[in-house]
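# Structure assessment
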Amino acid sequence: AFCAAVEWGRSMPLLELLIAHGADIDAQTTSPGYTALSAACGAGSTGDGRPDVVRLLLEAKADTTLEWGAQGAQGGPKLTSKQWVQRQRRRARMP
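## Observations concerning the overall build of the protein chain
What the protein chain contains, in helices and strands, is five helices and zero strands. Listing every helix and strand of the protein chain by position from the N terminus yields α-α-α-α-α. Across the 95 residues that make up the protein chain, the buried fraction comes to 34%. Of the contacts made within the protein chain by residues no fewer than 6 positions apart, 52% connect residues no fewer than 24 positions apart.

Okay, structure coming up:
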């Protein structure tokens, strides 16, 4: 549920309230296993990154090592949020 709140663009005060009340910030969706951190990085369905939420999640000690992504989807392996961001940066630099 917390991942969906991030992906659907819910407000920072609401996200902070959910964290304060024990929301599982590392919960993963069934498929492809997105986390709130991956959604905040822009990997969710909206494709829009939310740096303010990334910061909030890192301060709340979100697990940066969780892998997500359907194995073999679009020919890609499972990734951590950090790996996904690095891949997106490399792609943005390509002509």
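## Topic: the packing of helix α2 (residues 12–20) against helix α4 (residues 51–59)
At a minimum axis distance of 11 Å, the contact between α2 and α4 shows a crossing angle of 15°. Of the possible angle classes, the one that applies to α2 and α4 is roughly parallel. The hand of the α2/α4 crossing is right-handed. Contacts from Met12, Leu15, Glu16 and Ile19 in α2 reach Asp52, Val53, Leu56 and Leu57 in α4. Partitioned by chemical class, the residues of the contact of α2 with α4 number six nonpolar, no polar and two charged.

## So, a positive patch on the surface
There is a patch of like positive charges on the surface, built from Arg89, Arg90, Arg91 and Arg93. Turning to its location among the elements, Arg90 is positioned in helix α5 (residues 81–93).

## Notes on the side chain of Ser81
Along the polypeptide, Ser81 turns up in helix α5. For Ser81, a relative accessible area of 4% puts it in the buried group. A distance of 3.3 Å separates a polar atom in the side chain of Ser81 from the backbone nitrogen of Ser38. Setting aside anything within four residues of it in sequence, one finds Ser81 in contact with Thr35, Leu37, Ser38, Cys41, Thr64, Leu66 and Trp68.

## Topic: α4
For α4, the full list of buried residues reads Val53, Val54, Leu56 and Leu57. End-on, the buried residues of α4 take up no more than an arc of 165°, which puts them together on one face. In α4, the exposed positions angled more than 90 degrees off the buried face are occupied by Pro51 and Glu59. Just past α4, the residue Lys61 takes up positive phi, approximately 70°.

## Overview of the nonpolar core
Proteins that are soluble and globular tend to have nonpolar side chains buried together. Among the nonpolar cores identified, the biggest contains 20 residues, and Phe2, Val6, Leu15, Leu37, Ala40, Val53 and Leu57 are the most heavily contacted of them. Mapped by element, the contributors of at least two residues to this core are α1 (2–7), α2, α3 (36–43) and α4. For this core, the leading source of residues is α3, giving five residues. When sequence neighbours within four positions are dropped, the list of residues in contact with Leu37 reads Val54, Leu57, Leu58, Ala62, Asp63, Thr64 and Ser81.

## Description of a nonpolar patch on the surface
Residues Leu14, Leu17 and Leu18 make up a contiguous nonpolar surface patch of roughly 220 Å² in combined accessible area. The topology assignment puts Leu17 in helix α2.

What counts as what
Residues numbered from 1 in each chain as written. Predicted model: local features only at pLDDT ≥ 70, side-chain atom pairs only at ≥ 80, totals over all residues. Heavy atoms only, no water. Helix = DSSP H or I, 4+ residues; strand = E, 2+ residues; numbered from the N terminus. Buried < 20%, exposed > 50% of the residue type's maximum accessible area, 1.4 Å probe, protein only. Contact = heavy atoms within 4.5 Å. Axes fitted to C-alpha atoms, helices over the stretch in contact; angles between N-to-C directions. Parallel < 35°, antiparallel > 145°, perpendicular 65-115°, else oblique. Left-handed = near helix turned anticlockwise from the far one by under 90°. Nonpolar A, V, L, I, M, F, W, Y, C, P; charged D, E, K, R; others polar. Patch = residues over 30% accessible without salt bridge, like charges linked within 9 Å, V, L, I, M, F, W, Y side chains within 5 Å. Areas by Shrake-Rupley, 256 points an atom, 1.4 Å probe, with all protein chains shown as cover. Salt bridge = Lys/Arg side-chain N within 4 Å of Asp/Glu carboxyl O. Lys, Arg positive; Asp, Glu negative; His and termini not counted. Charge placed at Lys NZ, Arg CZ, Asp CG, Glu CD. Polar contact = N/O pair within 3.5 Å; in protein donor to acceptor, adjacent residues only side chain to side chain. Arc of directions from axis to C-beta. Core = buried A, V, L, I, M, F, W, Y, C linked by side-chain atoms within 4.5 Å.

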